[in-house]
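Now for the letters of each chain:
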Amino acid sequence: GSPITAEEKRLRDKKHLNDITAARLPPLHHSPAKLLSIEESIAIQIQQKEAYEEMQARLAAQKLAERLNIKMLRFEPEGEASLQYREVRDED
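Reading the values: the criteria
- Residues numbered from 1 in each chain as written.
- Predicted model: local features only at pLDDT ≥ 70, side-chain atom pairs only at ≥ 80, totals over all residues.
- Heavy atoms only, no water.
- UniProt positions renumbered as here; feature names shortened; annotations may be inferred.
- Salt bridge = Lys/Arg side-chain N within 4 Å of Asp/Glu carboxyl O.
- Helix = DSSP H or I, 4+ residues; strand = E, 2+ residues; numbered from the N terminus.
- Buried < 20%, exposed > 50% of the residue type's maximum accessible area, 1.4 Å probe, protein only.
- Expected span 1.5 Å × (residues − 1).

- Under the annotation held in an unreviewed UniProt entry, the protein carries the name DNA-directed RNA polymerase II subunit GRINL1A and is attributed to Haliaeetus albicilla.
- Taken directly from UniProt, the Sequence similarities (unreviewed entry) text for the protein runs: "Belongs to the GRINL1 family."
- Listed under Subcellular location (unreviewed entry) in UniProt, the entry text for the protein is "Nucleus".

## Regarding the pattern of salt bridges
A side chain of one charge can pair with a side chain of the opposite charge if their charged atoms are brought near each other.
Item 1. In the structure shown here, the tally under the stated rule is 3 salt bridges.
Item 2. Taking the shortest distance from any N to any O, the salt bridge between Glu-7 and Arg-10 comes out at 2.7 Å. With Glu-7 and Arg-10 both in helix α1 (residues 6-20) and 3 residues apart, the pair spans about one turn of that helix.
Item 3. By relative accessible area, Glu-7 is classed as partly exposed at 43%.
Item 4. We note a salt bridge from Glu-54 to Arg-58, for which the minimum N-O separation is 2.7 Å. Here Glu-54 and its partner Arg-58 are both found in helix α2 (residues 38-68), 4 residues apart, which amounts to about one turn of the helix.

## Side note on α2
Note: α-helices contain 3.6 residues per turn, so residues at a spacing of three or four share the same orientation.
Item 1. Between the first and last C-alpha of α2 there are 45 Å, a value that for 31 residues agrees with the 45 Å anticipated at 1.5 Å per step.
Item 2. Looking one or two places after α2, you find Asn-69, whose phi comes out positive at around 60°.

See the structure below:
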């Protein structure tokens with residue numbers, strides 16, 4: 001037979017592996033792990049804790065509003081709704 005290049009051999013082996021197993025490594029979406037200083041780690045943990053607490057407060061407010069059947073509407077005093085209210089109509 002003809003000599004097979006390293007790239008062709010790698011592709012053939014990869015195809016064979018795909019044929020015999022369904023196991024796949026997940027794609028790497030994030031950068032690999034890296035070392036952080038204690039200060040950086042603490043700052044990240046504090047930031048994550050604040051974001052988590054804010055999300056929990058928002059969720060609790062939403063559940064309370066649903067339980068009390070309160071409609072939460074956006075209030076825009078300078079928006080379109082106030083312009084309709086202030087519109088003067090001449091009915092002549």
